[in-house]
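So you can see what is in the structure, the chains are spelled out below.
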Amino acid sequence: MFHQVQIREQDRLSQCFLWRDKPKDDIQVFVMDVATFGSTCSPVSAQFVKNLNAKQFADRYPRAYKAIVKHHYVDDFLGSFESTQEAVEVVEEVKYVHSKGGFDIRNFLSNSSEVMERIGVTPTNSKKELALERSENVESVLGMMWLPKVDCFTYTITLRRELLSVLDEDRIPTKREVLKVIMSLFDPLGLISFFLIHGKIIIQGIRASGTEWDEKISPNSFRQWRQWVQCFGQLESLRIPRCYFAPSLNSTRQLEAHVFVDASEAAYCCVVYFRLLGGNCIQVALVGAKSKVAPLKTLSIPRLELKAAVLGAQYLKTVLKNHEFPVSRTYMWTDSTTVLAWIFSDHRRFQKFVAVRVGEILTLSDPQDWRWINTKLNVADKATKWGNGPDFQQANPWFRGPAFLHQPEEHWPQRPQNITTQEEMRPVHVHWSPAPLIDVTRFNRLERMLRTIAYVLRFISNLRYKRSGKSLKICSLEQEELQRAEETLWKIAQGECFPVEISVLSATKEAPKMRRARVSKASSIYKTWSYLDEYEVLCMWSRIGDAECALFEAKYPVILPRQHLITNLITDWYHRRFRHANWETVVNEMRQRSH
């Protein structure tokens, strides 16, 4: 295909290479004038040319244009038609359009011998034959095995010679050999995800145990490995119909999409089914599935169930996008009431992990589409748990859908009422600021306010003394009580103006006198070396603290906010005490006690 794409002359020099037949010959310079097989840009260039050529015939051959643009995978064409006549016409149009671009599409294969004859293809000699144990003729379609005669998909274990011995019962494989066998099974549609996911779980366990690539796996991993590979014989007998439904779709029928999700500690999975209703007939078909191993980092089951729900919503979007069937209704089934409670609640109330994923679910699906199902009826449960091992029989609900989908809707499981949950709730922080002991705005003199607070503090102390049986204080105010009142005034002013700074300084675990921390640069006291003393009063630390002759109040002055009423009353008191002295004197005296 790539060699049919010509490269522009001015771009061909980028594909120069040197060549000589013998070492003694002169070196020759060759240039590739077509797209090179193996070059990184060749696939996208070939696809662009293919689609550009088809676009030129979009008006004359719309069906061929659609088939080439949407139903081609590189150089393979996959199409499904409702009649032999339509298949023959589209194939002939596709061949003609491709030929105009220099492409010769060939080696057609169909489950209809009439189609093969009418397009001029030899039924037997032109197809590739792969031998299975039953000697059936199969053809590879995008990595899957297709039996054209019965129109079914199947799987086969075809390992290289060096890997055949890995399946021996007494052979303990290495980590590298286990991975090679697991990755040899290709299942793009996830039709056997319920089996393949357990192989991925095994390799995850081997990786978590620290086993090196060429080191033999542990006995526990080997036991799981033998249980898994023993199912290979049953896998080869599996037959999955390619066609979803026996009759063709028409406008009188109703099509529904059903998604089942589930999770366990080891894996999470989603599986999609189409449900067709026509008259008294109900048909259910497996569309595809997707499964993933649980992350090594431990997550709770509700969180894994939520990840499964996200996976199901994403996969349903992919299924609907890649099918042209008119789906009238979609249903999402989960056995987790916690996930349903999250979906039907305000997701902003929950932790970020839950809120983000619920938001994605609500973007991809309608909350009313989500329904509850019992775990025993959830077909996705077959992929997340090993149980008694995988069942490859056609009667397995994995292939034909759960039994209730074959019944009218009134027989379906009903959602429990009033689903609520307290899991993953976002914490609500209530910030409570205690009201001050008194309303400082009622005072215009510091002395009166100080004595009032002192009496209030005594009243509180007397209430405590009365409760404990101690004698009450009824005498005049003492110096100690006035000092406590003064400290209370400082804390009231600081609490109103520096709440964040006090919170930062309180968080340190050092001794009370050493509780120092760097506050925010945006703070007005950032440049002061602030700390909280033993009475939780905000003070300033400075180098003068090493002076032995200085008073304690001068070494560590209290920090007071500017323009606060308490600060103004303290300034007024110092101003009156020193007979209305100049401002330098007032400030100097104040700094002996405060800053």
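Residues numbered from 1 in each chain as written. Predicted model: local features only at pLDDT ≥ 70, side-chain atom pairs only at ≥ 80, totals over all residues. Heavy atoms only, no water.

Colleague: How would you sum up the side chain of glutamate 481? Please name residues and give values.
Modeller: Take glutamate 481: it is sitting in helix α16 (residues 479-497). Residue class for glutamate 481 comes out buried when judged on its relative accessible area of 9%. A distance of 3.0 Å separates a polar atom in the side chain of glutamate 481 from the backbone nitrogen of glutamate 478. For glutamate 481, the contacting residues outside a window of four places in its chain are Ala454, Arg458, Lys473 and Ser476. (Helix = DSSP H or I, 4+ residues; strand = E, 2+ residues; numbered from the N terminus. Buried < 20%, exposed > 50% of the residue type's maximum accessible area, 1.4 Å probe, protein only. Polar contact = N/O pair within 3.5 Å; in protein donor to acceptor, adjacent residues only side chain to side chain. Contact = heavy atoms within 4.5 Å.)

Colleague: Lay out the pairing of strand β16 (residues 538-541) in plain terms, naming residues and giving numbers.
Modeller: The two faces of β16 match: Leu538 and Met540 on one face and Cys539 and Trp541 on the other face are all buried. Sheet topology places strand β15 (residues 529-532) next to β16; four bridges connect them, and they run antiparallel. Among the inter-strand pairings, tryptophan 529 is bridged to a residue of β16, identified as tryptophan 541. Joining the antiparallel neighbours β15 and β16 is a turn of five residues, in which glutamate 536 adopts a positive phi near 65°. (Pairing = 2+ DSSP bridges.)

Colleague: Can you tell me about the nonpolar core, naming the residues and giving the values?
Modeller: Membership of the largest hydrophobic core comes to 51 residues, with the highest contact counts inside it found for Phe195, Trp225, Trp228, Leu235, Phe260, Val271 and Trp398. For this core, the secondary-structure elements that each account for two or more residues are α6 (175-183), α7 (193-208), α8 (219-229), α9 (232-236), β10 (267-278), β11 (281-293), β12 (327-334) and α14 (397-400). Ranked by residue count, the leading element in this core is α7, at eight residues. Setting aside chain neighbours within four positions, we find tryptophan 228 in contact with Ile182, Leu185, Phe195, Leu196, His198, Gly199, Ile202 and Trp386. (Core = buried A, V, L, I, M, F, W, Y, C linked by side-chain atoms within 4.5 Å.)

Colleague: How would you summarise a nonpolar patch on the surface if you had to cite specific residues and measurements?
Modeller: Together, Leu13, Leu18, Ile27, Val29 and Val31 make up a nonpolar patch on the protein surface, roughly 520 Å² of accessible area in all. Positionally, valine 29 belongs in strand β2 (residues 28-31). (Patch = residues over 30% accessible without salt bridge, like charges linked within 9 Å, V, L, I, M, F, W, Y side chains within 5 Å. Areas by Shrake-Rupley, 256 points an atom, 1.4 Å probe, with all protein chains shown as cover. Salt bridge = Lys/Arg side-chain N within 4 Å of Asp/Glu carboxyl O.)

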